[in-house]
Amino acid sequence: MTSTTTPSAPVRETEPDPDRMPDLTPPRPGRNLMTVPWVARVLGSGWYPKILQIPVAAVFGLVAYELLTGPESAHDNAGTALMWVLWWPVIPIVFVLLGRFWCAVCPFGAISDVVQKWVGVNAPVPNFLKNYGIWIIDASFLAITWADHVWGVVESPWGSGVLLLILTTAVIASGALFQRRTFCRYLCFLGGLSGNYARVGMVELRADTEICRTCKARAVCYNGNDKVAGCPLFTFPRTMEDSANCNLCANCIKSCPNDAIQVRLRKPTSELWFITKPKIEQSMLAMAIMGIVLVQNVTMLGVWEDLLVWVEATTGITSYAVIFTVLFAVAVTLPVGLLALASRVAARSNLEDARTNFARFGYALIPLDVAGHLAHNLFHLLAEGRSVVFTVGALFGRPAAGADAALVSTGTIQVLQFVLLALGLAASLYTARRIAHRRYRTTDRRRATLAPYVAVIVLLGAVNVWMFLLPMAHRM
């Protein structure tokens, strides 16, 4: 019996799809500020950041005291002026310039450290917080904004004081129960905001991976040693690819025996297109912030009262809480829905599903987020800035110098707002383009992917421009 073997068909060697080979080139390191002697001395000093925490804590103590015991009118309360007219508008600027530096000097972080030192259980962070902490941050940010408009937190010194007390209680509980700064990393709404905005920042802390590869110190930069605590935000410098969870506390700089930690300058927003593992919850936070800024702007316009009257006449609903809740939900859902729609459209032409597109390109909206937030807060800072001088001066017996609280004219404020929006719009468009160019290698794929995101960015930018064209109400 003769057996025959049928020859198998030759295997065709197919060329790899160029779009399945994204550009993974790491960012080019910027100037290392640790080569500047005085910067190295400051960050390596045991006094840093303690020397800054002390005056910041003193000011926050004054703010809390004034909010809870001072004048009931926000117009006359120094705590309200310092918190909402000065600190809240300035803090996003700090994020853009120095990343999450504020968290290194924040009094809440210092409180957590003290509580942990004296009564801390130092239990591991629950997996629930690790997995869902950012969603809790998203929800708390929305809840605080909702409470402000329904219960008038900002306009009520007592309400603002109670908010500080609630946050302080949460910080104390976290410090007593869990390791390091669990609250700051997984629960603080301001930490979530600063983490997102820090990606736009001009300063980054990174480790020299070539030096780290031969390190024998057993991750002392993360774990700390007898003299220096470990990273408070649970971040390993060697594997960092973003600045969302680095507060520039310099603990790793002090503990590293090999001088492997660098603090570098970089192009603003450049981090956003080098992120290799985008997370949908971070993009969702960016969209939620966009919605919150829209709400904050709309409720300060004259058209807001007209809208309330129209809703009451149309639906018969007279409860402000109900009306605002519905409109708030619409405003927050709008940016999320637009990005989801753009992601679905892009998925028809690129290699990703809609969920992955949402996570990846949501980062491109962060520069416009920052610009809208800065432009909104700039109004309070420049249109009401002198109220800080008036109210703080009154604490020391100096009467108010006048009723006008503006630092500059309305026209000047609008020009600055439009400059910020133009920069944010350009940065978001450029970021989206860079993300597409790193992910896709063919021109057709890039264009098809970019088109819906460009439309969303331009639309949201136009909505912001329209709102800033209208006169806004003052907070103080």
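Conventions used here
- Residues numbered from 1 in each chain as written.
- Predicted model: local features only at pLDDT ≥ 70, side-chain atom pairs only at ≥ 80, totals over all residues.
- Heavy atoms only, no water.
- Salt bridge = Lys/Arg side-chain N within 4 Å of Asp/Glu carboxyl O.
- Buried < 20%, exposed > 50% of the residue type's maximum accessible area, 1.4 Å probe, protein only.
- Helix = DSSP H or I, 4+ residues; strand = E, 2+ residues; numbered from the N terminus.
- Polar contact = N/O pair within 3.5 Å; in protein donor to acceptor, adjacent residues only side chain to side chain.
- Pairing = 2+ DSSP bridges.

This model, assessed by the stated rule, comprises ten salt bridges. A salt bridge links E204 to R206; its shortest N-O distance comes to 3.5 Å. In this structure, E204 and R206 share a single accessibility class: buried. We note a salt bridge from R360 to E352, for which the minimum N-O separation is 2.9 Å. You can call R360 buried: its relative accessible area is 15%. If you follow the salt bridges from partner to partner, you end up with E204, R206, R264, R266 and E271 in one network.

As for its placement among the helices and strands, S387 is situated in helix α18 (residues 386-395). Taking the relative accessible area as the measure of exposure, S387 reaches 5% and is therefore buried. Engagement of the side chain of S387 in a polar contact is seen with the backbone oxygen of E384, the distance being 2.5 Å.

With that out of the way, let us pick up the pairing of strand β1 (residues 203-207). Along β1, five of the five residues are buried, which leaves the element largely enclosed by surrounding structure. Every second residue of β1 is oriented toward a common face, with V203, L205 and A207 on one face and E204 and R206 on the other, all of them buried. Pairing of β1 with strand β2 (residues 261-265), which is carried by five bridges, proceeds in the antiparallel orientation. Paired with L205 across the strands is V263, a residue of β2.

By themselves, these are just geometric observations and shouldn't be taken as functional.
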